[in-house]
Amino acid sequence: MPMLKIPLIIFIAIAMIVSFRYLPFFYVGAIDIISEDFVTPSLESLRNKAQYSNFFSSRFLSSRMEMGRLCYVDDVKIEKNNGSYTLNPTYKDGIILTDSESYYFYDGSSMDRVEEKDSYVLSKNYLVFSLSKQMLDFFVSYYNDANEREMLSLLLDISHETSYNGKRVKKAEYYASSQSLLGELRLYGENSPYVLSIRDYSSPSFILESVKEISELYLSEMEHFIIAENTLMRRQYSGNR
């Protein structure tokens, strides 16, 4: 008798799952996105795919899973409130690396390529690290190397610490420089007009404090700052490298 109960229980469980997929109570209509100012085309496309389906349908479940797999998405919540559904994504801390053709997202532990169609929205919300194609290939291949990891970690810290009050570093560039055997890292302010040139491996904490200090300044015109040997200098901006 107990042996007969097992197939019966399995049958009932399958029947319940199938019925859930067709019950009107689990129908998902339109899904509103809470963070309308930060929605990539990929995320919006998956939202559209999940709409007007059943909560237990393969279409809804696969769309929800694909949202969570986007490299810049930390978590995705689709919640029902007063009969309507909302999509509330949370995003990872990170930076964008690009040669203006390819785009990669770095979050401190992994480097993932993002689709070009998402690059515009991501570039508006993350610090953009602009590199030549050769340098980008190098960083993508060796981002776990000690020197590359140190620079990327510094940019992550700068991006995080200077995002308050809308004042932040918007863009970074790295290129070989005749004034430094180590090359030069340049940072550009978003809402404060400045260029900061870092020409050696000064203390990351000193660089971070200097960036915060500069970001708080009221600058009426473009200013050029230089960090070398843990010293912050202010120079007249010439408009060239």
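Residues numbered from 1 in each chain as written. Predicted model: local features only at pLDDT ≥ 70, side-chain atom pairs only at ≥ 80, totals over all residues. Heavy atoms only, no water.

Draft legend 1. The arrangement of the overall build of the protein chain in detail. When helices and strands are counted, the protein chain shows seven helices and 14 strands. By residue count, 42% of the 241 residues in the protein chain fall in the buried class. Relative to all contacts within the protein chain whose residues are 6 or more apart in sequence, the contacts with residues 24 or more apart total 54%. Per element, the accessible surface of the protein chain, about 13800 Å² overall, is 54% carbon and sulfur. (Helix = DSSP H or I, 4+ residues; strand = E, 2+ residues; numbered from the N terminus. Buried < 20%, exposed > 50% of the residue type's maximum accessible area, 1.4 Å probe, protein only. Contact = heavy atoms within 4.5 Å. Areas by Shrake-Rupley, 256 points an atom, 1.4 Å probe, with all protein chains shown as cover.)

Draft legend 2. Summary view of unusual backbone geometry. The phi dihedral of Y52 is positive, around 55°, even though this residue is not glycine. By the element assignment, Y52 lies in the loop between α2 (41–50) and β3 (53–54). Phi at N230 takes a positive value of approximately 55°, unusual for a residue other than glycine. In this structure, N230 sits in the loop between β13 (223–228) and β14 (231–235). Assessed through its relative accessible area of 40%, N230 is described here as partly exposed.

Draft legend 3. Representation of the sheet that holds strand β2 (residues 31–33). As summarised here, the arrangement of the three strands in space is β2-β5-β4, forming an open sheet in which the pairing is mixed. Looking at the sheet topology across the chains shown, the edges are occupied by β2 and β4 (73–81). Averaged over all pairs of adjacent strands, the angle between their axes in this sheet comes to 25°, without regard to strand direction. Of the strands in this sheet, β2, β4 and β5 (84–91) are in contact with helix α3 (residues 58–69), which crosses β4 at around 145°. (Pairing = 2+ DSSP bridges. Axes fitted to C-alpha atoms, helices over the stretch in contact; angles between N-to-C directions.)

Draft legend 4. Up close: the packing of helix α6 (residues 146–161) against helix α7 (residues 204–215). In the contact formed by α6 and α7, the axes pass within 10 Å of each other and the chain directions differ by 30°. Taken together, the axis directions place α6 and α7 in an arrangement best described as roughly parallel. When the axes of α6 and α7 are compared, the crossing they make is right-handed. Together, E150, L154, D157, I158 and E161 of α6 and P204, I207, L208, V211 and K212 of α7 make up the contact between the two elements. Across the contact of α6 with α7, the residue classes tally to six nonpolar, no polar and four charged. (Parallel < 35°, antiparallel > 145°, perpendicular 65-115°, else oblique. Left-handed = near helix turned anticlockwise from the far one by under 90°. Nonpolar A, V, L, I, M, F, W, Y, C, P; charged D, E, K, R; others polar.)

Draft legend 5. Structural context of the pairing of strand β6 (residues 95–98). Every second residue of β6 is oriented toward a common face, with I95 and L97 on one face and I96 and T98 on the other, all of them buried. As judged from the four bridges shared by β6 and strand β7 (residues 103–106), these two strands associate in the antiparallel manner. Bridging across to β7, L97 finds its partner in Y104. In textbook terms, the turn of a hairpin is the stretch between consecutive antiparallel strands, and for β6 and β7 this stretch comprises four residues, one of which, S100, has a positive phi near 75°.

Draft legend 6. Spatial organisation of the pattern of salt bridges. Overall, the coordinates contain 10 salt bridges when judged by the stated rule. Put simply, E66 and K49 hold a salt bridge, and the shortest N to O gap is 3.4 Å. Taken together, the positions of E66 in helix α3 and K49 in helix α2 put the pair 17 residues apart, joining distant regions of the chain. Accessibility expressed as a relative area gives 33% for E66, which makes it partly exposed. (Salt bridge = Lys/Arg side-chain N within 4 Å of Asp/Glu carboxyl O.)

Draft legend 7. Representation of the nonpolar core within the structure. Counting 32 residues, the largest nonpolar core has L97, F129, L152, I158, L185, L187 and L196 as the members making the most contacts within it. Broken down by element, this core gets its largest block of residues, six residues, from α6. Discounting chain neighbours no more than four positions away, the residues touching L187 are L155, I158, V169, K171, A172, Y194, V195, L196, I198 and V211. Within the second largest apolar cluster, 27 residues are counted, among which are I31, F38, L46 and Y103. (Core = buried A, V, L, I, M, F, W, Y, C linked by side-chain atoms within 4.5 Å.)

Draft legend 8. Representation of the side chain of E173. For E173, the position within the fold is in strand β10 (residues 169–177). Here K171 takes part through its side chain, which lies 3.2 Å from a polar atom of the side chain of E173. (Polar contact = N/O pair within 3.5 Å; in protein donor to acceptor, adjacent residues only side chain to side chain.)

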